Amino acid sequence: MEHIIVTRPRPGVMLVTLNRPRSLNALNKALLIELAGTLNEAGADADVRAVVLTGDERSFSAGADIKEMPESGIPPFAQADRLKSWKVIERFPKPLVAAVNGYALGGGCELTQLCDIVIAGENARFGTPEIKIAAFAGDGGTQRIPRAVGKARTMMMMLTGEPIDAVTALAWGLAVEVVPVEKTVDRALEIAAAIAEKSPLAAQMVKAEILMSFEKPLDESLSLERKMLMWQSEDHQEGINAFVEKRAPRFTGR
Ligand code: DAK
């Protein structure tokens, strides 16, 4: 792949590194397609139980590739394969942890908010500067960011285009921890590894259930039936047995 690097630094954990440093990891269409393809593979691979997504120390991602915009014609962002790639990321069923150093702007900020847990380095800057090029956060940001931080803060971010720092992002709920820059990826991997030890069935169920609370009315999202399926899994029985026998559980995902 040209624009991302994929490694498996810990059992059950895939690390995906955005790799267009000269463009501050701007999300051109080719990168999005590679990312979606990698997540599709990770989703189908039972050896991957959690994925960490990161950039480099200067930039997680500076957003949609502005230089690609004129080439692609109008409307530039509405191309089917680009939109499909975002859908794949949005629907990735396994836990996704973001390790964010530097810029997380525009589509880069939106990408962090498709991750389930966001670890911010001290130099992280979250922002939605699209208004500066007479655009708006059209890859889900106008809908997801207010759900995370509320109306007034979103208006401030999106109408001024000015970024917020890591400590503010933490206070507003866009990130869950702030750590020194050189520790961001390690901390995200540590969290992913802790998730990977759990039952993959349970982890995916937790993710789906929590996301549902943002997407559906309460009477639909109280999906008792799906929760009942969980109690019939081998992993659930193994969890109970291990607890009673005072040993570590061995989860298989069945
Ligand atoms: N795209 C392309 N190249 C970028 C880039 C971007 N978003 N951000 C930075 N770069 C490139 C710069 O052009 C420069 O390249 P060279 O000139 O060296 O060739 C290199 O990365 C380093 O950047 P700078 O020289 O500018 O570095 P600085 O440290 O001075 O500034 C910066 C860093 C992040 C403040 C600055 O680069 C900047 O403001 N970048 C643009 C950030 C931005 O505006 N992001 C949002 C993009 S729009 C939709 C509607 C809209 C959207 C999507 C969908 N629909 C309706 C479906 C829009 C989404 C967006 O994300």
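Preceding this paragraph is the structure being described.
Everything in this summary refers to the structure shown in the same document. Note that the coordinates shown come from a computational prediction; the quantities given were computed from them, not determined experimentally.

Considerations on the overall build of the protein chain
- Along its length, the protein chain carries twelve helices and ten strands.
- Its C-alpha atoms give the protein chain a radius of gyration of 19 Å, within 12% of the compact-globule value 18 Å for 254 residues.
- Dimensions of the protein chain, computed from the C-alpha atoms along their principal axes, are close to 60 × 40 × 35 Å.
- A sequence separation of at least 24 residues applies to 67% of the contacts in the protein chain between residues at least 6 apart.
- Of the roughly 13200 Å² of accessible surface on the protein chain, a fraction of 59% belongs to carbon and sulfur atoms.
- For the protein chain, the centre of its 30 positive side-chain charges and the centre of its 33 negative side-chain charges are spaced 2 Å apart.

Considering the sheet that holds strand 8 (residues 125–127)
- Taken together, four strands build an open sheet; the order of strands is 4-6-8-9 and the sheet is mixed. Strands with a single pairing partner mark the edges of an open sheet, and in this sheet they are strand 4 (59–61) and strand 9 (164–165).
- Across three bridges, the pairing between strand 6 (residues 103–105) and strand 8 is parallel. The partner of Leu105 across the bridge, within strand 8, is Gly127.

What to know about the pairing of strand 2 (residues 13–18)
- When you tally the buried positions in strand 2, you get six out of six residues, the bulk of the element.
- Side-chain alternation along strand 2 places Val13, Leu15 and Thr17 on one buried face and Met14, Val16 and Leu18 on a second face that is also buried.
- As paired elements, strand 1 (residues 4–10) and strand 2 share five bridges and run antiparallel to each other. Its bridge partner lying in strand 2, Thr7 is registered against Leu15.

A closer look at the site of the ligand
- As a matter of local geometry, the ligand sits amid 22 residues, with Ala62, Ala64, Ile66, Lys67 and Gly107 nearest to it.
- In this structure, Gly107 approaches the ligand through a main-chain N or O atom, which is 2.8 Å from an oxygen atom.
- The protein chains hide 65% of the 1100 Å² of surface that the ligand would expose on its own.
- Residues of the shell around the ligand, tallied by class, amount to eleven nonpolar, five polar and six charged.

Quick look at the nonpolar core
- With 40 residues, the main nonpolar core has Val51, Leu53, Ile89, Val100, Leu111 and Phe126 as its most contacted residues.
- Broken down by element, the residue count for this core peaks at five residues, all from helix 1 (residues 29–44).
- Val100 has contacts with Phe60, Thr112, Val118, Ile119, Ala120, Gly121, Ala124, Phe126 and Thr184, leaving out every residue within four places of it along the chain.
- By size, the runner-up hydrophobic cluster in this structure holds 16 residues, among which are Ala99, Ala188, Ala192 and Ala193.

Overview of unusual backbone geometry
- A positive phi angle, near 55°, is found at Leu24, a position not held by glycine.
- Mapping Leu24 onto the fold places it in the loop between strand 2 and helix 1.

Here we look at the sheet that holds strand 7 (residues 117–121)
- Read from one edge of the open sheet, six strands run 1-2-3-5-7-10, paired in mixed fashion. Edge strands, defined here as strands with exactly one partner in the open sheet, are strand 1 and strand 10 (177–179). Here the strands of the sheet are splayed against their neighbours by 25° on average, with no regard to which way each runs.
- Pairing between strand 3 (residues 50–54) and strand 5 (residues 96–100): four bridges, direction parallel. If you follow Thr54 over to strand 5, its bridge partner there is Ala99.

Thoughts on the side chain of Arg20
- Mapped onto the elements of the fold, Arg20 is located in the loop between strand 2 and helix 1.
- Leaving out residues up to four positions away in the same chain, Arg20 has contacts with His3, Asn25, Ala26, Asn28, Leu31 and Asp65.

Considering helix 1
- An ideal rise of 1.5 Å per residue puts 22 Å on 16 residues; helix 1 measures up with 23 Å between its terminal C-alpha atoms.
- Listing the buried residues of helix 1 in full gives Leu31, Leu32, Glu34, Leu35, Ala36, Thr38, Leu39 and Ala42.
- Contacts made by the buried residues of helix 1 are with strand 1, strand 2, strand 3, helix 3 (80–90), strand 5 and helix 4 (107–112).

Parameters at a glance
Residues numbered from 1 in each chain as written. Predicted model: local features only at pLDDT ≥ 70, side-chain atom pairs only at ≥ 80, totals over all residues. Heavy atoms only, no water. Helix = DSSP H or I, 4+ residues; strand = E, 2+ residues; numbered from the N terminus. Rg over C-alpha atoms; globule rule 2.2 N^0.38 Å. Contact = heavy atoms within 4.5 Å. Areas by Shrake-Rupley, 256 points an atom, 1.4 Å probe, with all protein chains shown as cover. Lys, Arg positive; Asp, Glu negative; His and termini not counted. Charge placed at Lys NZ, Arg CZ, Asp CG, Glu CD. Pairing = 2+ DSSP bridges. Buried < 20%, exposed > 50% of the residue type's maximum accessible area, 1.4 Å probe, protein only. Near = heavy atom within 4 Å. Polar contact = N/O pair within 3.5 Å; in protein donor to acceptor, adjacent residues only side chain to side chain. Nonpolar A, V, L, I, M, F, W, Y, C, P; charged D, E, K, R; others polar. Core = buried A, V, L, I, M, F, W, Y, C linked by side-chain atoms within 4.5 Å. Axes fitted to C-alpha atoms, helices over the stretch in contact; angles between N-to-C directions. Expected span 1.5 Å × (residues − 1).

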